[in-house]
Amino acid sequence: MELDYNKIELLKRQFNSLSKDDAPTFLSVIDHDYFEVFMSALIGYAIKNDLAFTKGLLKHYFDELDLEKNENFDFDLSQVQVELEKGMDGRRADLLIKIANSDKMDWTITIENKTNTAEHDEQTKDYQEWVNNNFKNSYNAFLYLVPDYNDSKPSSESFKRITYSELNRIIENDDDY
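Let me begin by describing the structure that accompanies this report. (Residues numbered from 1 in each chain as written. Predicted model: local features only at pLDDT ≥ 70, side-chain atom pairs only at ≥ 80, totals over all residues. Heavy atoms only, no water.)

## Details of the sheet that holds strand S5 (residues 159-163)
- The strand order S1-S2-S3-S4-S5 describes an open sheet built from five strands, whose pairing is mixed. Only two strands of the sheet have a single partner each, and these edge strands are strand S1 (80-88) and S5. Between one strand axis and the next, the sheet turns by 30° as a mean value, whatever way the strands run.
- Here strand S4 (residues 138-146) pairs with S5 via five bridges, running parallel. Across the sheet, residue leucine 143 finds its bridge partner in S5, namely lysine 160. (Pairing = 2+ DSSP bridges. Helix = DSSP H or I, 4+ residues; strand = E, 2+ residues; numbered from the N terminus. Axes fitted to C-alpha atoms, helices over the stretch in contact; angles between N-to-C directions.)

## Side note on the nonpolar core
- Membership of the largest hydrophobic core comes to 32 residues, with the highest contact counts inside it found for Ile43, Ile47, Leu57, Ile97, Ile109 and Ile111.
- By residue number, the principal contributor to this core is S4, which donates six residues.
- Among all residues touching isoleucine 109, those that are not within four sequence positions of it are Leu58, Leu95, Leu96, Ile97, Ile99, Ala141 and Leu143. (Core = buried A, V, L, I, M, F, W, Y, C linked by side-chain atoms within 4.5 Å. Buried < 20%, exposed > 50% of the residue type's maximum accessible area, 1.4 Å probe, protein only. Contact = heavy atoms within 4.5 Å.)

## A short note on the environment of glutamate 172
- Within the element layout of this structure, glutamate 172 appears in helix H6 (residues 164-172).
- Sequence separation between glutamate 172 and phenylalanine 53 is 119 residues, and the spatial gap between their C-alpha atoms is 9.0 Å.

## Quick word on the side chain of glutamate 166
- Among the structural elements, glutamate 166 can be located in helix H6.
- In terms of polar contacts, glutamate 166 uses its side chain to reach the backbone amide nitrogen of threonine 163, at 2.7 Å.
- Setting aside anything within four residues of it in sequence, one finds glutamate 166 in contact with His60 and Arg161. (Polar contact = N/O pair within 3.5 Å; in protein donor to acceptor, adjacent residues only side chain to side chain.)

## Overview of the pattern of salt bridges
- Counted by the stated rule, this structure contains six salt bridges.
- Taking the shortest distance from any N to any O, the salt bridge between glutamate 83 and lysine 98 comes out at 2.7 Å. Here lysine 98 lies in strand S2 (residues 91-99) and glutamate 83 lies in strand S1, a separation of 15 residues in the sequence.
- Each of Glu83, Lys86 and Lys98 takes part in a single network of salt bridges with overlapping partners. (Salt bridge = Lys/Arg side-chain N within 4 Å of Asp/Glu carboxyl O.)

## Considering the pairing of S1
- Sheet analysis places S1 next to S2, joined by eight bridges and oriented antiparallel. Directly across from leucine 84, in S2, lies its bridge partner leucine 95.
- Here S1 folds back onto S2 in antiparallel fashion, the turn holding two residues, of which aspartate 89 has a positive phi close to 50°.

## Regarding unusual backbone geometry
- Notably, glutamate 85 is not glycine yet its phi reads approximately 50°, a positive angle.
- By secondary structure assignment, the location of glutamate 85 is in strand S1.
- For glutamate 85, a relative accessible area of 24% gives the class partly exposed.
- Positive phi, close to 50°, is recorded for aspartate 121, a residue that is not glycine.
- Counting through the fold element by element, aspartate 121 comes out in the loop between strand S3 (106-113) and helix H5 (123-134).

Note that all results are geometric; they support no functional claim without further evidence.
Written out as structure tokens, the structure is:
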């Protein structure tokens, strides 16, 4: 691939002319700031490779429900499986994370990631039903991930709304475990 130095210089000038408040994010620089699948893949990678981040997501879920932290948080990354665009009876959830915890209860975390859209046709209710039917002996957590500017809410009460800012705080604090 040949680099276009004129485009690079243009990008540099544009970047340098921005105020701090207008500074682009990594995803906007690579022109992927609204691609749900790309963003879900990045989150899936973090979940598969960062134990503290994965446990932080579960802790956030428990905190949102005002539940006590569960002793079943004792697992390692070798037990974590991530599926992107998981088919569920003709629909596709953005992320399904399965945590096989051999001596304790297994976990699933279903994440529906919305950038510039809201959910369609009560899809979170369908995902919740599918997961609960297919993982009856697991503890099933459900997250509805949105940018701060997206006010949409899930139709399923089991899905807890989490913003990218909250997700960022989990990443920043991932040394808690």
